[in-house]
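Remarks on the overall topology
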Amino acid sequence: MAVVLPAVVEELLSEMAAAVQESARSTGPRSLKFLFGSSATQALDLVDRQSITLISSPSGRRVYQVLGSSGKTYTCLASCHYCSCPAFAFSVLRKSDSILCKHLLAVYLSQVMRTCQQLSVSDKQLTDILLMEKKQEA
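Residues numbered from 1 in each chain as written. Predicted model: local features only at pLDDT ≥ 70, side-chain atom pairs only at ≥ 80, totals over all residues. Heavy atoms only, no water.

1. What about the UniProt feature "domain: SWIM-type" (unreviewed entry) in the chain?
This is how it is decided: UniProt positions are given in the numbering used here, feature names are shortened, and annotations may be inferred rather than shown by experiment. A helix here means a DSSP run of H or I that spans at least four residues, while a strand means a run of E at least two residues long, and both kinds are numbered starting from the N terminus.
In the numbering adopted here, UniProt assigns the feature "domain: SWIM-type" (unreviewed entry) to residues 74-112. Strand forms 15% of residues 74-112 and helix 51%; the C-alpha atoms that close the span are 20 Å apart.

This is how it looks when you write it as structure tokens:
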């Protein structure tokens, strides 16, 4: 079943993108709650609070920063399905209970809903942002 779920998630996000373009958002939240449980509600709350920022550099590198409900900022890499939060490390990587944390789900939802804030920085600034995050984890 672990192989099937990511395809289901991709399909759901594609359907939500189509629904958003048609301005018919009513079916998405129920489907999200079915697949992700309480994480879906928490992720939608992060999107509603505009807590997701896409940081991009001239070289094409892209990272997302999500201001979590605790006030801590987490770095998400959508291209490889990664989040720096402890829930991702524990529930997704270690226990394999979930396929996404609420922060990563919020990133995908903000992409679909086109509500992601955007910030352009230099390559050096992006490197500094990532190094700063690494220092805070240590």
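Okay, back to it.
2. Observations concerning the environment of Ser 56
Worth spelling out the cut-off: Throughout, a contact is declared for two residues whenever any of their heavy atoms are within 4.5 Å.
Topologically, Ser 56 is positioned in strand β1 (residues 52-56). Separated by 70 residues in sequence, Ser 56 and Leu 126 have C-alpha atoms that sit 7.6 Å apart. Beyond its immediate stretch of four places on either side in the chain, Ser 56 contacts Arg 61, Arg 62, Leu 119, Ser 120 and Val 121.

3. Quick look at the pairing of strand β2 (residues 62-67)
Threshold: At least two DSSP bridges between two strands are needed for those strands to be called paired.
Pairing geometry for β1 and β2, over 5 bridges, is antiparallel. Among the inter-strand pairings, Leu 54 is bridged to a residue of β2, identified as Tyr 64. In textbook terms, the turn of a hairpin is the stretch between consecutive antiparallel strands, and for β1 and β2 this stretch comprises 5 residues, one of which, Gly 60, has a positive phi near 95 degrees. Bridge count between β2 and strand β3 (residues 73-77): 4 bridges; the pairing is antiparallel. In the sheet register, Leu 67 faces β3, and the bridge partner there is Thr 73. The loop that links β2 with its antiparallel partner β3 comprises 5 residues; one of these, Gly 71, has a positive phi angle of about 95 degrees.

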